[in-house]
Amino acid sequence: MPSPKAKNTGRRDGSPVLGSSFDFVSLTKPLNRSSPPHLLQRQGSDPTTARLRASESPSRRRGSGSSTGSASGQGPPEEDGIRLNPSLIGISLSSLLAIDLWLSKRLSVCACEDSSWGSIRPLMKLIEVSGHGIPWLAGAAYSMYKSDSAAGQEVMLNLLMGLLLDIILVGIVKAVVHRRRPAHNQMDMFATFSVDRYSFPSGHATRAAMCGRFLLAHLVLAAPLRVLVLLWVGLVGFSRVLLGRHHVTDVLFGFWMGYCQYKLVEILWLSPQTLQGLLGHLA
């Protein structure tokens, strides 16, 4: 039987016997800051204390917090940081616009007489007139009137219809988009209208692409002439950027739109019977 002296000695040096009431209270109640250091060290090394601390880990606390939030009807907070990030489409469009403005300004070497290539500005303006709508409308109407064959009149009538369709569609797109012309452009263009103060798309590019494709499909057969037609289409589009009239994307979209207009003319093609009916009504 242990002597009272040994028991008192164990309690006097701060190491109480496991299972005593003092141990039970210390495990179930939080320690005060005024607790002796030897008690903190004792509880840290005790297995029961370690299990209790593990049960209060951050993951358990987060789980209990989420369960409490779901029980009260409030879900986890939304990730608002993702909404603040710009979209990939917006970044791509902004980058494309910046490249378009920079490249258009660098290529506008004939924007004025004092430009680096200002000496060829009259030649570029001559090419500009060759792609204007008025000469093409007048030429198509005159050719249709002077043609002796029904086939020739049919081709010229459909070309005239395509030119009118081009003016209408380009005017609508320009009025909707409202993109201003480049700042370095000089408004000395030939026979402009109200919508011509807008830049997108290039009416000269749409007209050149449609007329060039139409000529290659119905009129021009010789190989050298076909090359000249393709060269003329490219020069008309390129002159729009050199003169500072349009941005690069205006011309590229104009080429695509002109090709689509040609396909539309082919779908709406007027047959000889329809032409004879129209001429009979006009007579």
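Every value quoted in this text rests on a predicted model; they were computed, and no experiment measured them.

1. Some details on the overall build of the chain
Across its full length, the chain carries 14 helices and 0 strands. The linear arrangement of helices and strands in the chain, starting from the amino end, is α-α-α-α-α-α-α-α-α-α-α-α-α-α. Put simply, the chain has 283 residues, and 32% of those count as buried. Summarising the internal contacts of the chain: among those between residues at least 6 apart in sequence, 71% fall at separations of at least 24. For the chain, the accessible area works out to roughly 18,300 Å², and carbon and sulfur atoms hold 66% of it.

2. Side note on the pattern of salt bridges
Counting across every chain of the model gives 5 salt bridges. We note a salt bridge from arginine 179 to aspartate 100, for which the minimum N-O separation is 2.8 Å. Highlighted residues: arginine 179 in the loop between helix H10 (150–177) and helix H11 (203–218) and aspartate 100 in helix H7 (residues 88–107), separated in sequence by 79 residues. The pair arginine 179 / aspartate 100 is uniform in exposure class, with both members buried. A salt bridge links arginine 179 to aspartate 250, with the nearest nitrogen and oxygen atoms 2.9 Å apart. On the criterion of sequence distance, the pair formed by arginine 179 in the loop between H10 and H11 and aspartate 250 in helix H13 (residues 248–267) is long-range, its members being 71 residues apart. Judged on exposure class, the residue arginine 179 and its partner aspartate 250 are both buried. Residues participating in the shared-partner salt-bridge network are Asp100, Arg179 and Asp250.

3. A closer look at the packing of aromatic side chains
Going through the model one piece at a time under the given rule, you end up with 5 aromatic pairs. Ring centres of tyrosine 259 and tyrosine 262 lie 6.4 Å apart, and the angle between their planes is 40°; on these two criteria the pair is classed as tilted. Of this pair, tyrosine 259 and tyrosine 262 both sit in helix H13, 3 residues apart, which is roughly one turn of the helix. An aromatic cluster is defined as three or more aromatic residues linked by ring pairs; in this entry it consists of Phe200, Phe253 and Trp256.

4. Some remarks on the nonpolar core
Of all hydrophobic cores here, the largest spans 26 residues; its most connected members are Leu159 and Leu163. Elements represented by at least two residues in this core include exactly helix H8 (121–130), helix H9 (133–146), H10, H11, helix H12 (223–242) and H13. Broken down by element, this core gets its largest block of residues, 6 residues, from H11. Residue contacts for leucine 163: discarding those within four places in its chain leaves Trp136, Leu137, Ala140, Arg207, Met210 and Cys211.

5. Concerning unusual backbone geometry
Omega for the bond connecting phenylalanine 200 with proline 201 falls within 30 degrees of zero, at -5°, which places this linkage in the cis form. Counting through the fold element by element, proline 201 comes out in the loop between H10 and H11.

6. Overview of a nonpolar patch on the surface
A cluster of nonpolar side chains, namely Val129, Ile134, Phe190 and Phe193, defines an oily patch on the protein surface of about 360 Å² accessible area. Following the sequence through the fold, phenylalanine 193 ends up in the loop between H10 and H11.

7. Things to note about the side chain of threonine 206
Relative to the helices and strands, threonine 206 is located in helix H11. Of the polar contacts made by the side chain of threonine 206, one reaches the backbone oxygen of glycine 203; its length is 2.7 Å.

8. A look at H11
With 16 residues, H11 should reach 22 Å at 1.5 Å per residue; the first-to-last C-alpha distance of 22 Å fits that figure. Where burial is concerned, most of H11 is hidden: 13 out of the 16 residues are buried.

9. Some words on the environment of serine 149
Here serine 149 lies in the loop between H9 and H10. Taking the relative accessible area as the measure of exposure, serine 149 reaches 37% and is therefore partly exposed.

10. What to know about the environment of leucine 235
Tracing the backbone shows leucine 235 in helix H12. Its relative accessible area of 36% is what places leucine 235 among the partly exposed residues. Sequence separation of leucine 235 and isoleucine 127 is 108 residues, and the distance between their C-alpha atoms is 7.3 Å.

11. A few points about the packing of H8 against H12
The interhelical angle for the contact between H8 and H12, taken along N-to-C directions, is 120°, at an axis separation of 9 Å. Between H8 and H12, the crossing angle belongs to the class labelled oblique. You can see that H8 and H12 cross each other, and the crossing is left-handed. Residue-level contacts link Met124, Ile127, Glu128 and Ser130 of H8 to Trp232, Leu235, Val236, Ser239, Arg240 and Leu242 of H12. Of the residues contributing to the contact of H8 with H12, the split by class is 6 nonpolar, 2 polar and 2 charged.

Basis of the calculations
Residues numbered from 1 in each chain as written. Predicted model: local features only at pLDDT ≥ 70, side-chain atom pairs only at ≥ 80, totals over all residues. Heavy atoms only, no water. Helix = DSSP H or I, 4+ residues; strand = E, 2+ residues; numbered from the N terminus. Buried < 20%, exposed > 50% of the residue type's maximum accessible area, 1.4 Å probe, protein only. Contact = heavy atoms within 4.5 Å. Areas by Shrake-Rupley, 256 points an atom, 1.4 Å probe, with all protein chains shown as cover. Salt bridge = Lys/Arg side-chain N within 4 Å of Asp/Glu carboxyl O. Phe/Tyr/Trp six-rings, centres within 6.5 Å; stacked < 30°, edge-to-face > 60°. Core = buried A, V, L, I, M, F, W, Y, C linked by side-chain atoms within 4.5 Å. Patch = residues over 30% accessible without salt bridge, like charges linked within 9 Å, V, L, I, M, F, W, Y side chains within 5 Å. Polar contact = N/O pair within 3.5 Å; in protein donor to acceptor, adjacent residues only side chain to side chain. Expected span 1.5 Å × (residues − 1). Axes fitted to C-alpha atoms, helices over the stretch in contact; angles between N-to-C directions. Parallel < 35°, antiparallel > 145°, perpendicular 65-115°, else oblique. Left-handed = near helix turned anticlockwise from the far one by under 90°. Nonpolar A, V, L, I, M, F, W, Y, C, P; charged D, E, K, R; others polar.

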